[in-house]
Amino acid sequence: MNQIHQSQTSKTNQDQIFLKINNSLSQFKKMARGHQKIQSQQKNAKRQADLKKGTDNKAAALVKLTVVCKTCKTQMPDPKTYKQHFINKHPKQDLPDELKEVEG
Ligand SMILES: [Zn+2]
């Protein structure tokens, strides 16, 4: 303890100023890091909320199944899936006109 005290008191003003700057710099870095941490925590929280929303909206997801297969009446979320379904399940049938323009 004594040694540290001595070396501190023997420092020149310049050194002290440098120390001060260094201290506030490391303080600033700490703050910046803390801020980043908070930001990433907020991001995480948002993601968690979105995930929760996703599971809460199962009913809404069902509503999204708006594409119905002409042949077997299976409901699908999008035309792409419908096209895949049609090609796989009803290969002998002609592709419905609305699916001919669908990619995939
Ligand atoms: Zn079908």
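Residues numbered from 1 in each chain as written. Predicted model: local features only at pLDDT ≥ 70, side-chain atom pairs only at ≥ 80, totals over all residues.

Asker: Would you take a moment to explain the overall build of the chain for this structure?
Answerer: In terms of helices and strands, the chain carries five helices and two strands. The secondary structure elements of the chain, listed N-terminal to C-terminal, are α-α-α-β-β-α-α. Counting only residues that meet the buried cut, the chain has 4% of its 104 residues in that class. Considering only contacts in the chain between residues 6 or more positions apart, those separated by 24 or more positions represent 6%. (Helix = DSSP H or I, 4+ residues; strand = E, 2+ residues; numbered from the N terminus. Buried ≥ 20, exposed ≤ 12 C-beta atoms within 10 Å, placed from the backbone. Contact = placed C-beta atoms within 7 Å.)

Asker: Can you walk me through unusual backbone geometry in this structure?
Answerer: Among all residues except glycine, the phi angle is most often negative; among peptide bonds, the trans geometry is most common. For Lys73, which is not glycine, the phi dihedral falls at a positive 65°. Taking the number of C-beta atoms within 10 Å as the measure of exposure, Lys73 has 7 and is therefore exposed.

Asker: Explain the environment of Thr81 to me, please; I cannot follow it from the model alone.
Answerer: Of note, Thr81 is situated in helix α4 (residues 79-89). Note on Thr81: 17 C-beta atoms within 10 Å, which makes it partly exposed. Along the chain, Thr81 and Val102 lie 21 residues apart, while their C-alpha atoms are 9.8 Å from each other.

Asker: Is there a simple way to think about the confidence of the model for the chain in this case?
Answerer: Any segment with low pLDDT has predicted coordinates that should not be analysed in fine detail. Put simply, the chain has an average pLDDT of 80, and 77% of its residues get 70 or more. Within the chain, helix α1 (residues 2-9) has the poorest average pLDDT of any element, 56, and α4 the best, 95. (pLDDT = per-residue confidence, 0-100.)

Asker: What exactly am I supposed to notice about α4 here?
Answerer: Note: α-helices contain 3.6 residues per turn, so residues at a spacing of three or four share the same orientation. Three or more residues of α4 are buried, namely Tyr82, Lys83 and Phe86. Looking straight down α4, one finds its buried side chains confined to an arc of 100°; they lie on one side. Exposed positions of α4 whose direction lies more than 90 degrees from the buried face are Asn88 and Lys89. Buried residues belonging to α4 abut β1 (67-68), β2 (75-76) and α5 (97-100). (Arc of directions from axis to C-beta.)

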